[in-house]
Amino acid sequence: MAAFILRRLLVTIPVLAGILFATFLIKALIPTDAVLALYSGKVTEQKAEAAIAAIRAKYDLDKPWYEQFASYAVKVAQGDLGESIRTRRPVADEIGFRYVNTMILTGAALLVAVLVGLTTGIASAYWKGSWIDEAAMAVGIMGISMPAFFFGLVLIYFFGVQLKWLPVIGTGDLRSLILPALTLGLIESAPLSRITRSSMLDVLSQDYIKAARAKGLSEAYIVLRHALPNALLSILTIVGLQIGGLLGGAFIIEVVFGWHGIGELAVKAIGWRDFTITQAIILISACTYVSVNLVVDILYAWADPRINHR
Amino acid sequence: MTALSSPMHSSASPAAPIAPVIEVRGLRTHFTGETGIIRAVDGVDLHVRAGECLGLVGESGCGKTITALSLVRLVSPPGRIAAGEILYDGRDLVKASEADLLALRGDRISMIFQQPKASLNPVIQIGWQVAELFCHHRGMARRAAWLEAVELLKAVGLPAAERKALAYPHELSGGQAQRVMIAMALALKPRLLIADEPTTALDVTVQAQILHLLRGLCRDFGTALILVTHDLGVVAETADRVAVMYAGQIVETADVVPLFAQPAHPYTRGLLHSMPVQGRRRDRLDAIPGSVPPPGLTMAGCRFAPRCSFAFERCHAEPPPLVGLPDGRQARCWLAIPEPTRSRSHSDDVARPGQPD
Amino acid sequence: MTHQTTPGTLAPAGTVDHRPRRSGLIRILRRLARHRSGRIGGAAVLVIILMAAFGSLLVPYAPLKIDMAHRLLPPGASHWFGTDELGRDLLSRVIFGARYLLLVGVYSTAIAFGGGVLLGLLAVAGGGWTDMLVMRLVDIMLAFPYVLLLLAIIAALGPSLTTAMVAVGIAGIPGYARLVRGEALSVREREYVDAMRVLGAGTLRITLGTILPSILPALVIYTSYVMPLAVLSASALSFLGLGAQPPLPEWGAMLVSSRSFLATAWWVVAAPGMAIFLSILGLNLFGNALRDVLDPKHS
């Protein structure tokens, strides 16, 4: 198992290096006149030349690209994400609490997606061809066609505006988490439900399920104890990839619900041309995604007895 | 045919007048497909007594597996039992509620399947797969059930049972997996065990051991055994009585010794001829020309007639009934019917396959 | 039944389909027309195309015309979908918006398709280092969650409708590249390709003349997944203010300013929102049907 984890970690290193370089490109590709534009209101004509030179020096823009990348990599390795161009505060301070908020939203949405996706997927596999299956199929295709931001607005209208059950905007408390988590979770449950259905169908047709029936075990027990663990193994690998969808979805949902996460900030920062913030957010999100998939892979290896642990 | 000298046959034949554990009457299992109804099992009668072993023999596709699954009502849609009675303990299982069946399956009536490794859940330790029977049917605590399971695994001859109980199915050999299946099937000392090709997927060397184990345990527990197989060698070694199936019907039943000595149906005769002789393995049915009619086909006369070298006019025109012969034997062949009852028969001068050559 | 598939079982005669599988365009279209979701999806796609092509002839009002006297009017006889916070006719704006959807759908998918096919074939034809380099690039792009990849590209290029289209296109490249490489490698293993090589056909000719046509069906099926996603993503970017900018009547962009009026005038959100939802639903239904028709085993 240790060897497996080590091997898997080694494979991750070039990917992380690639992510680092890709985020570096964001800064490198940004036209420097953007920087100019940022400061145009703040310095006088005469001082502009000097100010620009100072800025370029400060952000290493006057060095060749490989030196820029090297110093960027070193700084990131030291945990220094730079400072926000707009607020001049350290990026880590700007995004720290927001990162936690985004993780809370993503986690809650994952919970919703897994609960809804697994239940509907299992039900439609078990009652294949029934009205439940047909309905789940119809809802599923609507789910993958529904833009998350519009669905969020629909939920806001019904639960916030009409019924006044839940707050429509805000961050932090549990009540304001419900709507964004539901929005994101329900949208992402659609693909999960389909995957669950197909892997459950596959498992339910296996010989060992027939053998379990011949043992006189109850249907509920067979589905939950005998079929589900087998199906979960193949679902698990997909859930890892789905975290990417959830994380990206969270970025959009945060804007809809005014949830103070890194997504909301990233969107603003792109508008502000605050590239250090954008860069840092994309870097840590991608790293989070890669780490989650690493954990999922290890979980999978641990959970499947057929994989040799030794 | 050395197996004929096996001592197993003496116990159950001639048939003692004890009530059968299970009695099947006129069982019909149909599959509704796009092309119409397929009569996979088309009017099967059989019974088996406590401690007795009935061999249900036939080629692939003759309906023997579907018959076996029908007995515990495990035929999956679009298959369904269209007619007949399955009498167990005075109850008709065809009409029994799903709850009653759940209580019977695995407890009073159990099954063993052809692919032992595929029949074990890959992600559950084999000990638990045995133990869950005790939890489920006997309400035992997990710990006690586990200990019971380990004992049972020892009883079926699994080496290092305590350790192996923690193993997953992929860590077992085919023979070991089938021992586990046998342990599961006999865990609760059922009254009936249906074994569907229990040794087909196994090594030839392991086959005999497994059959011996199965037969011995069934006899110890007084469990009736229905052994579904295409392999007459297996039948000869294990069964007391044999029912030969062809195209969804039983064409002959007899005790094992007379059946091998004097087959009454031309099909049985063909099967016997196709057995491997003196270690030389022949293709399963090269003694019988042609192949099994597709199950959807409806035929006017005897279903075996197109392949039968003894067939005459009547065989093609009129389906023969399953008639009782002396010694409690039965055969579905116009030629097997004794002279007086064969009143409508026109040509009597054809060779009688039932007679010794 | 599973136990009965051993040799000796014969399939009933006459059930095996020996007809050659020809997939002419007419044949595909005819089968689509018989497919239930193909009809619905096809109709939706047709409506979008018609709205995009003849929108300016159809619209009752100019889509950008501000009329503060008639702002936030509910749906009614004169304004079927109502008006927005600036008194603009929502029906007209929705009809006009179809052209952006079509634009994004076609251009983004074309970029993803073209770029992916190019990279994938380059990897296969080049082999060795080229292959490794291309695939590492693909791996790194796929290491980003999709939306993040979009944001990264837009952060570098700056927000606009064009960059949104380009970003969605670029973000689709790695998926195509990986598919093309995989399919192409398996095609190249086939005997006739070896035979061609023996006959002296060059790498370029084999790649473009033989491999590309034979992986086309797989590419079409993949595109049926990609295009709805591309349209969805572009509208999401516009909604975030990173794609089409107001006052363009792009559906996602229409929601940016209108959504503050949700509580008092639901229709300002419903009109563009439903337009996006129904179009993508139509594309997905059409894609479903297309997959059924092209690859019946797949469903």
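None of the values given here were measured: they were computed from a predicted structure. (Residues numbered from 1 in each chain as written. Chains lettered and ligands numbered in written order. Predicted model: local features only at pLDDT ≥ 70, side-chain atom pairs only at ≥ 80, totals over all residues. Heavy atoms only, no water.)

Looking now at the sheet that holds strand β8 (residues 224-229) of chain B. Residue and element names in this part refer to chain B. Pairing is mixed in the open sheet, where eight strands are placed in the order β6-β7-β8-β3-β9-β10-β12-β11. Edge positions in the sheet fall to β6 (109-112) and β11 (323-325), since each has one partner strand and no second. The mean inter-strand angle of the sheet, taken between neighbouring strand axes irrespective of direction, is 20 degrees. Where helix α6 (residues 174-186) meets the sheet, it contacts β6 and β7 (192-196), and its direction lies at approximately 170 degrees from that of β6. (Pairing = 2+ DSSP bridges. Helix = DSSP H or I, 4+ residues; strand = E, 2+ residues; numbered from the N terminus. Axes fitted to C-alpha atoms, helices over the stretch in contact; angles between N-to-C directions. Contact = heavy atoms within 4.5 Å.)

Counting all residues, the mean pLDDT for chain A is 85, and 90% of those residues have values of 70 or more. Of all helices and strands in chain A, the one with the weakest mean pLDDT is helix α2 (residues 32-40) of chain A (55), whereas helix α5 (residues 91-126) of chain A scores best (93). (pLDDT = per-residue confidence, 0-100.)

Here we come to the interface of chain C and chain A. Contact residues are listed per partner, giving 38 residues for chain C and 43 residues for chain A. Of the roughly 3,500 Å² buried where chain C meets chain A, counting both sides, 81% is carbon and sulfur surface. Counting across the chain C and chain A interface gives zero salt bridges. The interface formed by chain C and chain A includes three residue pairs in polar contact (both at pLDDT 80 or more). Of all the secondary-structure elements, those providing two or more residues to the side of chain C that touches chain A are α4 (128-142), α5 (146-157), α8 (203-239) and α10 (267-294) of chain C. Residue contributions to the side of chain C that touches chain A peak at 11 residues, all from α10 of chain C. (Buried area = accessible area lost by both parts, 1.4 Å probe. Salt bridge = Lys/Arg side-chain N within 4 Å of Asp/Glu carboxyl O. Polar contact = N/O pair within 3.5 Å; in protein donor to acceptor, adjacent residues only side chain to side chain.)

If you want to describe how two helices pack, look at the angle between their axes and the distance between the axes. Residues and elements named next belong to chain A. At a minimum axis distance of 10 Å, the contact between helix α1 (residues 2-29) and helix α12 (residues 275-303) shows a crossing angle of 165 degrees. Classified by the interaxial angle, the pair formed by α1 and α12 is roughly antiparallel. Remark: the crossing between α1 and α12 carries right-handed chirality. The class makeup of the residues in the contact of α1 with α12 is 18 nonpolar, four polar and three charged. (Parallel < 35°, antiparallel > 145°, perpendicular 65-115°, else oblique. Left-handed = near helix turned anticlockwise from the far one by under 90°. Nonpolar A, V, L, I, M, F, W, Y, C, P; charged D, E, K, R; others polar.)

Residue and element names in this part refer to chain B. Bridging between strand β1 (residues 22-33) and strand β2 (residues 36-48) involves 10 bridges; their strand directions are antiparallel. Looking across to β2, one finds that Phe31 is bridged to Ile38. The antiparallel pairing of β1 with β2 creates a hairpin that spans two residues between the two strands.

The subject of this paragraph is the packing of α8 of chain C against helix α9 (residues 251-258) of chain C. Residue and element names in this part refer to chain C. Where α8 meets α9, the closest approach of the two axes is 7 Å, and the angle between their N-to-C directions is 30 degrees. Relative to α9, α8 is oriented roughly parallel. Considering only the axes of α8 and α9, their crossing is right-handed. Residue-level inspection shows Ser235, Ser238 and Phe239 of α8 in contact with α9, the latter providing Gly252, Ala253, Leu255 and Val256. Split into classes, the residues belonging to the contact of α8 with α9 amount to four nonpolar, three polar and no charged.

Let's shift gears to the layout of surface pockets. Residue and element names in this part refer to chain A. Of the pockets and cavities examined, the second largest pocket occupies roughly 1,000 Å³. Mapped by element, the contributors of at least two residues to the lining of the second largest pocket are α5, α8 (174-204) and α9 (207-214). Top element by residues in the lining of the second largest pocket is α9. It accounts for three residues. (1 Å grid on protein atoms, 1.4 Å probe; cavity = no way out; pocket = protein on both sides within 12 Å on 5 of 7 lines; lining within 4 Å. Points joined across faces, edges and corners; volume = space filled by probe spheres on them.)

For the rest of this paragraph, the subject is the domain arrangement of chain A. All names here are of chain A. The domain architecture assigned to chain A consists of domain 1 (2-77) and domain 2 (93-309). Each side of the interface is counted separately: domain 1 has 21 residues, and domain 2 has 15 residues. Buried area between domain 1 and domain 2, summed over both chains or domains, comes out near 1,600 Å², and the portion from carbon and sulfur atoms is 82%. Summed over the shared surface of domain 1 and domain 2, the result is one salt bridge. As a salt-bridge pair, Asp297 and Arg8 come within 2.6 Å of each other at their nearest N and O atoms. The interface formed by domain 1 and domain 2 contains two residue pairs in polar contact (both at pLDDT 80 or more). Listed by contribution, the elements that provide at least two residues to the side of domain 1 that touches domain 2 are α1, α2 and α4 (65-77). Tallying contributions element by element places α1 first for the side of domain 1 that touches domain 2, with 13 residues. (Domains from an automatic or database assignment.)

Before going further, it helps to examine the sheet that holds strand β4 (residues 79-88) of chain B. Residue and element names in this part refer to chain B. Reading across the sheet, the four strands line up as β2-β1-β4-β5 and stay open at both edges, with antiparallel pairing between neighbours. With partners counted over all chains shown, the strands left at the sheet margins are β2 and β5 (91-92), one partner each. Two elements, β4 and β5, share two bridges in a ladder whose sense is antiparallel. Across the sheet, the residue bridging to Tyr88 is Arg91, located in β5. Sheet strands touched by helix α1 (residues 64-71): β1, β2 and β4. Its angle to β1, the strand with the most contacts, is close to 115 degrees.

Right, let's get into a nonpolar patch on the surface. Among the surface-exposed residues, Leu46, Leu50, Phe54, Leu57 and Leu58 of chain C lie close enough to one another that they form a single nonpolar patch of about 540 Å² accessible area. Structurally, Leu57 of chain C can be placed in helix α2 (residues 36-58). (Patch = residues over 30% accessible without salt bridge, like charges linked within 9 Å, V, L, I, M, F, W, Y side chains within 5 Å. Areas by Shrake-Rupley, 256 points an atom, 1.4 Å probe, with all protein chains shown as cover.)

Attention now goes to the environment of Ala17 of chain A. Following the sequence through the fold, Ala17 of chain A ends up in helix α1. Separated by 88 residues in sequence, Ala17 of chain A and Leu105 of chain A have C-alpha atoms that sit 28 Å apart.

We now examine the nonpolar core. With 116 residues, the main nonpolar core has Leu93, Leu153, Ile182, Leu192, Ile194 and Ile226 of chain B as its most contacted residues. Apart from the residues within four sequence positions on either side, Ile182 of chain B is in contact with Ile112, Val156, Ile210, Leu213, Leu214 and Leu217 of chain B. Listed in part, the 110 residues of the second largest apolar core include Val255 and Leu283 of chain A together with Ala236 and Val269 of chain C. (Core = buried A, V, L, I, M, F, W, Y, C linked by side-chain atoms within 4.5 Å. Buried < 20%, exposed > 50% of the residue type's maximum accessible area, 1.4 Å probe, protein only.)

Another aspect to go through is the confidence of the model for chain C. All names here are of chain C. Of the residues in chain C, 91% reach a pLDDT of 70 or more, and the chain-wide mean stands at 83. pLDDT under 50 marks residues 1-21. Its contacts with residues more than four places away, or in other chains, come to 22 contacts. At the level of chain-chain contacts, confidence expressed as ipTM amounts to 0.87, with global pTM at 0.81.

So, on to the environment of Leu54 of chain B. Residues and elements named next belong to chain B. Mapping Leu54 onto the fold places it in strand β3 (residues 53-57). Classification of Leu54 by relative accessible area gives buried; the value is 1%. The sequence separation of Leu54 and Glu162 amounts to 108 residues, and the corresponding C-alpha distance is 34 Å. Excluding residues within four positions of it along the chain, Leu54 makes contact with Leu46, His47, Val48, Leu225, Ile226, Leu227, Ala239, Arg241, Val242 and Ala243.

Moving on: the side chain of Ser233 of chain C. Residues and elements named next belong to chain C. Mapping Ser233 onto the fold places it in helix α8. Its relative accessible area of 8% is what places Ser233 among the buried residues. Leave out the neighbours within four places in its chain, and Ser233 touches Tyr146, Leu150 and Val168.

Here the bond from Pro77 of chain B into Pro78 of chain B is cis, since omega is 5 degrees, no more than 30 degrees from zero. Checked against the element boundaries, Pro78 of chain B lands in the loop between α1 and β4. A cis amide bond links Pro246 of chain C to the next residue, Pro247 of chain C, at an omega of 5 degrees. With a phi close to 65 degrees, Arg88 of chain A is a non-glycine residue in the positive phi region. If you trace the backbone, Arg88 of chain A turns up in the loop between α4 and α5. At Arg73 of chain B, a position not held by glycine, the phi torsion is positive, near 55 degrees. Along the polypeptide, Arg73 of chain B turns up in the loop between α1 and β4.

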